[in-house]
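The chain contents come next:
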Amino acid sequence: QVQLVESGGGLVQAGGSLRLSCTASGRTFSNNAMGWFRQAPGKERELVAAIGWRGGRTYYADSVKGRFTISRDNGKNTVYLQMNSLKTEDTAVYYCAADNIPWRWSLTTTLGRGYDYWGQGTQVTVSS
């Protein structure tokens, strides 16, 4: 059974930092792009960041550029999201996801499409 399990969420004050982790089990995603999404109450889910299978390609939503960093450790089957200078508007449930198509990096990836495997989500709350 394939599972993606997120961790690292919590409550933090504005300006603070959190590091999210997502570990896959049941199969390896070392050849697949991975992404972090978020969904705030009453809003649609949005792609926050994505990373290619070797980590050389990354994408960030404009709202998080310069503050968030996505990385991966294929040896640990884990992807990370380092979040700095957090703002109250970053409050959301954060999900990691994996593309089912290996070696794909295209508009599909950066538009938040083609992700077939999802974690259960972790809550991030930023207080003012």
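Here the structure is shown first, and the text comes after it.
Before going into details, it helps to say that this report is about the structure given with it.

How each quantity is defined
- Numbering of residues begins from 1 in every chain and follows the order in which that chain's sequence is written.
- Selection of residues for local features in this predicted model requires a pLDDT of at least 70, selection of side-chain atom pairs for listing and counting requires 80 or more, and totals for whole chains, interfaces and linings are taken over all residues.
- Heavy atoms from the whole structure form the basis of all side-chain values; hydrogens and water molecules are not counted.
- We count a stretch as a helix when DSSP gives it H or I for four or more residues in a row; a strand needs E for two or more, and each element gets its number in order from the N terminus.
- To sort residues, take the accessible area from a 1.4 Å probe on protein chains only and compare it with the maximum for the residue type: under 20% means buried, over 50% means exposed, and anything in between is partly exposed.
- To measure how exposed things are, a 1.4 Å probe is used in the Shrake-Rupley method; for residues, cover is taken only from the protein chains shown.
- Charge convention: Lys and Arg are scored as positive, Asp and Glu as negative, and His as well as the terminal groups of each chain are ignored.
- The location of each charge is read from NZ of Lys, CZ of Arg, CG of Asp or CD of Glu.
- To count as a disulfide, a pair of cysteine sulfur atoms needs to be within 2.5 Å.
- In these notes, a set of buried Ala, Val, Leu, Ile, Met, Phe, Trp, Tyr and Cys residues joined through side-chain atoms within 4.5 Å is what counts as a nonpolar core.
- We call two strands paired when DSSP finds no fewer than two bridges between them.
- Throughout, an axis means a line fitted to C-alpha atoms (over the contacting stretch in the case of helices), and angles, computed between N-to-C directions, take values from 0 to 180 degrees.
- Pairs were defined over the aromatic rings of Phe, Tyr and Trp, the Trp ring being its six-membered one, requiring ring centres within 6.5 Å. Orientation was assigned from the angle between planes: stacked under 30 degrees, edge-to-face over 60, tilted for the rest.
- The rule is short: NZ of Lys or CZ of Arg within 6 Å of the ring centre and within 35 degrees of the ring normal puts a charge over the ring.

In this section: the overall build of the protein chain. For the protein chain, the count of helices and strands is 1 helix and 11 strands. Counting from the amino terminus, helix and strand elements in the protein chain follow one another as β-β-β-β-β-β-β-β-β-α-β-β. Each of the three principal axes of the protein chain carries a C-alpha extent, and together these read 40 × 30 × 25 Å. When the 128 residues of the protein chain are sorted by exposure, 45% land in the buried category. Here the protein chain has roughly 6,500 Å² of accessible surface; of this, 46% comes from carbon and sulfur atoms. Each charge sign in the protein chain was given a centre, from 14 positive and 9 negative side chains, and these centres are 5 Å apart.

Counted under the stated rule, the structure contains 1 disulfide. Bridging Cys 22 to Cys 96, the disulfide has an S-S length of 1.8 Å. Of this pair, Cys 22 sits in strand 3 (residues 18-25) while Cys 96 is found in strand 9 (residues 92-99), placing the two residues 74 residues apart along the sequence. You can call Cys 22 buried: its relative accessible area is 0%.

Once that is clear, we can look at the nonpolar core. Soluble globular proteins tend to pack their nonpolar side chains together in the buried interior. Grouped together as the largest cluster of nonpolar side chains are 28 residues, with contacts concentrated most on Leu 4, Trp 36, Phe 68, Ile 70, Leu 81, Met 83 and Tyr 94. Where this core is concerned, the elements lending two or more residues are strand 3, strand 4 (34-39), strand 5 (46-51), strand 7 (68-73), strand 8 (78-83), strand 9 and strand 11 (122-127). By size, the runner-up hydrophobic cluster in this structure holds 8 residues, among which are Ala 33, Leu 47, Ala 50 and Trp 53.

For the rest of this paragraph, the subject is the sheet that holds strand 3. Pairing in this open sheet of 4 strands is antiparallel, and the strands run 1-3-8-7 from one edge to the other. One side of each edge strand has no neighbouring strand; the edge strands of this open sheet are strand 1 (3-7) and strand 7. Pairs of neighbouring strands in the sheet enclose a mean axial angle of 15 degrees, with direction left out of account. In this sheet, strand 3 lies alongside strand 1 in antiparallel orientation, the contact comprising 5 bridges. What sits directly across from Val 5, in strand 3, is Thr 23.

Moving on to the environment of Val 5. Considering the arrangement of structural elements, one finds Val 5 in strand 1. Along the sequence, Val 5 and Gly 119 sit 114 residues apart, while their C-alpha atoms lie 5.4 Å from each other.

In this section: the packing of aromatic side chains. Per the counting criterion, the structure on display carries 3 aromatic pairs. Pairing Phe 37 with Trp 118 gives two aromatic rings, centres 4.7 Å apart and planes at 55 degrees, and the pair type is tilted. With Phe 37 in strand 4 and Trp 118 in strand 10 (residues 115-118), the pair connects residues that are 81 residues apart, well separated along the chain. What makes Trp 118 partly exposed here is its relative accessible area of 29%. Of the aromatic side chains, those joined through ring pairs into one cluster are Phe 37, Tyr 115 and Trp 118. Directly above the ring of Phe 37 sits Arg 45, whose terminal nitrogen or CZ lies 5.6 Å from the centroid.

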